[in-house]
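What follows is each chain in one-letter form.
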Amino acid sequence: MKNRYARWAELAERQSQLALWSTFVKWVILGGTVGLLAGSASAWFLASLDAVTRVRLDHPWLLFLLPAGGALVSGMYMRYGKNSSKGNNLILEQIQEGKEAIPLRMAPLVLGGTLITHLFGGSAGREGTAVQMGGSLADAFGRWIRISPLDRRILLMCGISGGFGSIFGTPLAGTVFGLEVIAIGLISHRALLPCFAASFTGDLVATRLWGIHHIHYQVDAFPAMDALVLAKVVAASVLFGLCSLVFSELTHALKRAFAALISNPMLRSAAGGLIIIALVYIAGSRDYLGLGIPLISSSFEQGAAPFAFLWKLIFTAFTLGSGFQGGEVTPLFAIGATLGNSLAGVLHLYGPFLASLGFIAVFCGATNTPLACFIMGIELFGSGGAVYMFIACIISYLFSGHSGIYSSQLIGSSKSALLPVPGGTTLAKAKELRRSRRNSGS
């Protein structure tokens, strides 16, 4: 009898190992395939983005066609977009609920819309484009292989990770971003291996197969740990979080204002283009158009103008608020890096050091992804300032409150016990609750 029980136990152990191995192989293959698709799409997008940016810089008069470009982008989405107009929020909603299909047309639409935005000088990023392309390709792949609803959600998370990791050259941050962005305070470890396979493969495909080169920024030294430096970093991090809050709230407010004032999306974007042109002349500079990479570079080299962060914030909020396509993350990098560089003179800290903290912390506060942003900091700037990076991310995450650039992001766990939030609440619903409480109180 004992021998029989021993054989049963041994058989059960073998079956459990077989199940684990089959799961491992399955998600390495599926996640890797999504990474291959997302990485190839990101590589093509980055090459195209460089090309249209060079054209814009060589032909400054293209700026005056920005209103027409905005109308064209909105017209494309009106005619062909359907639910694609939800952008990143559509992907988040499908991971949470899974009630709608993500159309394959989302990939070419967001690609074309983003390139048009950058060709004529809109201030936007690239992360949103990469994530939407990754998500739509992942969903199309899932439909093709007839994947289950639960596995579909994991595959969509792979699309986010594959797009993010390949567009920035940060496979570890891309892995965690795909896990962390779905819900504040909650991470699904079940998707850890699939998201890593997608992000790692996506980055490998973009850089090794397609020869994409990512920009690197240099921080020559990090200060030694002492109480004074720590206090200054904490103070700066609070400002980084508040800057994230202002950016998110201003962008959402402008979207509501444009929609209320101008019902036609094409006219709305055309009006936004006219405002961007006016802002160029008010600011007296074209430095705030496009991605903002020159602003980031100056923050790590010769230094940035004192209010460059504010101008970039305003340019980006009006671009995205009026309906242009593109991401928010690279402009957030520029806003954070220039703000950090500006604060360095006030706080008497090394400029590139504080620029590196602002780079990741403002992005962190706007996306509510402190772990992904901390890991990104290490991947981009090295581990010498890891403690400072972690402090900057968690403080910015806290002080940005229940706000963010993704209105469909769930609040899985409130940032404070003093701010209770009902389960299943999204950032958009949380904002409505706050507004109704203020109205009832008044």
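Look up a bit, the structure's there.
Residues numbered from 1 in each chain as written. Predicted model: local features only at pLDDT ≥ 70, side-chain atom pairs only at ≥ 80, totals over all residues. Heavy atoms only, no water.

Undergrad: How should the nonpolar core be read in this particular structure?
TA: Counting 124 residues, the largest nonpolar core has Leu 354 and Phe 359 as its most contacted members. Ignoring any residue separated from it by four or fewer positions in sequence, one finds Phe 359 in contact with Tyr 217, Ile 296, Phe 300, Phe 333, Gly 336, Ala 337, Met 376, Leu 380 and Phe 381. (Core = buried A, V, L, I, M, F, W, Y, C linked by side-chain atoms within 4.5 Å. Buried < 20%, exposed > 50% of the residue type's maximum accessible area, 1.4 Å probe, protein only. Contact = heavy atoms within 4.5 Å.)

Undergrad: Explanation requested: the pattern of salt bridges in the structure shown.
TA: Between side chains of opposite charge, a pair can form as their charged atoms come close. Applying the stated rule across the entire model yields 6 salt bridges. In this structure, Asp 151 engages Lys 26 in a salt bridge whose closest nitrogen and oxygen atoms are separated by 2.6 Å. With Asp 151 in helix 6 (residues 149-168) and Lys 26 in helix 1 (residues 2-58), this residue pair connects regions lying 125 residues apart in the sequence. Lys 26 gets classed as partly exposed once you look at its relative accessible area, which sits at 33%. In this structure, Lys 431 engages Glu 249 in a salt bridge whose closest nitrogen and oxygen atoms are separated by 3.6 Å. Within this pair, whereas Lys 431 is found in helix 17 (residues 427-441), its partner Glu 249 is found in helix 9 (residues 227-261), the two being separated by 182 residues in sequence. Overall, the relative accessible area of 13% leaves Lys 431 in the buried class. Linked through salt bridges whose partners overlap, the residues forming this network are Lys 86, Glu 93 and Glu 100. (Salt bridge = Lys/Arg side-chain N within 4 Å of Asp/Glu carboxyl O. Helix = DSSP H or I, 4+ residues; strand = E, 2+ residues; numbered from the N terminus.)

Undergrad: Can you walk me through the side chain of Ser 166 in this structure?
TA: Within the secondary structure, Ser 166 is located in helix 6. There is a polar contact of 2.6 Å between the side chain of Ser 166 and the backbone oxygen of Gly 162. (Polar contact = N/O pair within 3.5 Å; in protein donor to acceptor, adjacent residues only side chain to side chain.)

Undergrad: In this structure, what is going on with the layout of surface pockets? I would like to understand it.
TA: It is the rolling of a water-molecule-sized probe over the atoms that shows where space remains empty. Approximately 970 Å³ is the volume attributed to the largest pocket. Lining the largest pocket are 35 residues, with Ser 85, Lys 86, Asn 89, Lys 255 and Leu 320 positioned closest to its centre. The residue inventory of the lining of the largest pocket, partitioned by class, reads 10 nonpolar, 16 polar and 9 charged. Estimates place the volume of the second largest pocket at around 490 Å³. (1 Å grid on protein atoms, 1.4 Å probe; cavity = no way out; pocket = protein on both sides within 12 Å on 5 of 7 lines; lining within 4 Å. Points joined across faces, edges and corners; volume = space filled by probe spheres on them. Nonpolar A, V, L, I, M, F, W, Y, C, P; charged D, E, K, R; others polar.)

Undergrad: I keep staring at the packing of helix 12 (residues 308-321) against helix 13 (residues 329-347) and nothing clicks. Help me out?
TA: Describing two packed helices takes the angle between their axes plus the distance from one axis to the other. Relative to each other, helix 12 and helix 13 sit at 160°, their axes nearing to 8 Å. Accordingly, the angle class assigned to the pair helix 12 and helix 13 is roughly antiparallel. For helix 12 against helix 13, the interelement crossing comes out left-handed. Residues Ala 308, Phe 309, Lys 312, Leu 313 and Thr 316 of helix 12 touch helix 13, and the partners they reach there are Pro 331, Ala 334, Ile 335, Thr 338 and Leu 339. Within the contact of helix 12 with helix 13, the residues separate by chemical class into 7 nonpolar, 2 polar and 1 charged. (Axes fitted to C-alpha atoms, helices over the stretch in contact; angles between N-to-C directions. Parallel < 35°, antiparallel > 145°, perpendicular 65-115°, else oblique. Left-handed = near helix turned anticlockwise from the far one by under 90°.)

Undergrad: Would you mind showing me how to read the packing of helix 9 against helix 16 (residues 386-399) here?
TA: With their axes 7 Å apart at the nearest point, helix 9 and helix 16 run at an angle of 40° to one another. The angle between helix 9 and helix 16 places the two elements in the oblique class. In this structure, the crossing between helix 9 and helix 16 has a hand that is right-handed. Where helix 9 abuts helix 16, its residues Val 229, Leu 230, Val 233, Val 234, Ser 237, Val 238, Phe 240, Gly 241, Leu 242, Ser 244 and Leu 245 lie against Tyr 388, Ile 391, Ala 392, Ile 395, Ser 396 and Phe 399.

Undergrad: Looking at this structure, how should I read the environment of Phe 359?
TA: Locating Phe 359 in the fold gives a position in helix 14 (residues 351-367). In this structure, the C-alpha to C-alpha distance between Phe 359 and Pro 331, residues 28 residues apart in sequence, is 9.8 Å.

Undergrad: Sorry, what's going on with unusual backbone geometry here?
TA: Most peptide bonds are trans, and most residues other than glycine sit at a negative phi. A positive phi angle is found at Lys 82, which is not glycine, with a value near 50°. When you line up the elements, Lys 82 lands in the loop between helix 2 (66-81) and helix 3 (88-96). By relative accessible area, which is 64% here, Lys 82 ends up exposed.

Undergrad: Teacher, can you tell me more about helix 14 here?
TA: In this model, helix 14 (17 residues) spans 24 Å end to end at C-alpha, consistent with the 24 Å of a helix rising 1.5 Å per residue. Here helix 14 lies mainly inside the structure; 17 of its 17 residues are buried. Asn 368 lies just past helix 14 and shows a positive phi near 60°. (Expected span 1.5 Å × (residues − 1).)

Undergrad: Which parts of the structure should I look at to understand helix 12?
TA: Note that an α-helix has 3.6 residues per turn; residues three or four places apart therefore point the same way. Taking 1.5 Å of rise per residue, the 14 residues of helix 12 would be expected to cover 20 Å, and the 20 Å separating its terminal C-alpha atoms lies within 8% of that figure. Buried residues of helix 12: Ala 308, Phe 309, Lys 312, Leu 313, Phe 315, Thr 316, Ala 317, Phe 318, Thr 319, Leu 320 and Gly 321, and no others. In the core, the buried residues of helix 12 are packed alongside helix 4 (106-119), helix 9, helix 10 (265-283), helix 11 (293-300) and helix 13. Backbone geometry just downstream of helix 12 places Gly 323 in the positive-phi region, at approximately 110°.

Geometry only, nothing functional implied.
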